[in-house]
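# Remarks on the overall topology
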Amino acid sequence: MRSNMSQHFSELKTLIDDGFSSIIETIGISADEVQVLGRRNAELAEAHNAQNLQFEFLKQHLQQLSSSVDNGFNSTRELTVMSADILQRFSELKASVDDGLTTTSNLSTMTTDALERMNAMSISVDRGFSSLRELPTLTS
């Protein structure tokens, strides 16, 4: 059975070789030209493989670049959120400072009013003492 298969393969190879020879003759190219075309085909295949390697290399770098850009965008979003939070806190701090200034202004006004009242009381007390000093002279 093996020798039978071997014989079939040998016959098949002969048929294929004859077919290629017939095709080459029909096309009208010589065996040298076939060899040149074979070498050129091998060169083109090698160049194609080199381009595929370059393509894969570029593809990997583009994926890394894409990942870096995504990370950059995510970092920018995080910074934007943090900046908004900081601005909110500064706004709250400004409001607190404004409240403190208003309270200080109110205290200053109250202190001025109190000083004016104390001054008026002091004048009244001085008049009262003056009146009391004059009282003994009036009774005598």
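Presented here is an overview of the structure given in this document. Model, not experiment: these values are computed from the prediction.

### Here we look at the overall build of the protein chain
In terms of helices and strands, the protein chain carries two helices and zero strands. A globule of 140 residues ought to have a C-alpha radius of gyration of about 14 Å, yet the protein chain, at 54 Å, is considerably larger. Taken over the C-alpha atoms alone, the protein chain extends approximately 165 × 40 × 15 Å along its principal axes. Every one of the 140 residues in the protein chain was classed for burial, and the buried ones make up 0%. Surface exposure of the protein chain reaches about 12,700 Å², of which carbon and sulfur atoms provide 61%. Charged side chains of the protein chain number 11 positive and 19 negative; the gap between the two group centres comes to 9 Å.

### A few points about the environment of Ala 31
Here Ala 31 shows up in helix H2 (residues 31-139). C-alpha separation for the pair Ala 31 and Arg 89, spaced 58 residues apart in sequence, amounts to 86 Å.

### Observations regarding a nonpolar patch on the surface
A contiguous nonpolar surface patch, about 840 Å² in accessible area, is contributed by Met 5, Phe 9, Leu 12, Leu 15, Ile 16, Phe 20, Ile 23 and Ile 27. Checked against the element boundaries, Phe 9 lands in helix H1 (residues 2-27).

### Observations regarding the pattern of salt bridges
For the structure shown, the criterion picks out three salt bridges. For the salt bridge of Arg 40 with Glu 43, the shortest nitrogen-to-oxygen distance reads 3.4 Å. Of this pair, Arg 40 and Glu 43 both sit in helix H2, three residues apart, which is roughly one turn of the helix. Taking relative accessible area as the criterion, Glu 43 reaches 46% and is therefore assigned partly exposed. A salt bridge links Lys 94 to Asp 98, with the shortest nitrogen-to-oxygen separation between them at 2.9 Å. Of this pair, Lys 94 and Asp 98 both sit in helix H2, four residues apart, which is roughly one turn of the helix.

Calculation criteria
- Residues numbered from 1 in each chain as written.
- Predicted model: local features only at pLDDT ≥ 70, side-chain atom pairs only at ≥ 80, totals over all residues.
- Heavy atoms only, no water.
- Helix = DSSP H or I, 4+ residues; strand = E, 2+ residues; numbered from the N terminus.
- Rg over C-alpha atoms; globule rule 2.2 N^0.38 Å.
- Buried < 20%, exposed > 50% of the residue type's maximum accessible area, 1.4 Å probe, protein only.
- Areas by Shrake-Rupley, 256 points an atom, 1.4 Å probe, with all protein chains shown as cover.
- Lys, Arg positive; Asp, Glu negative; His and termini not counted.
- Charge placed at Lys NZ, Arg CZ, Asp CG, Glu CD.
- Patch = residues over 30% accessible without salt bridge, like charges linked within 9 Å, V, L, I, M, F, W, Y side chains within 5 Å.
- Salt bridge = Lys/Arg side-chain N within 4 Å of Asp/Glu carboxyl O.

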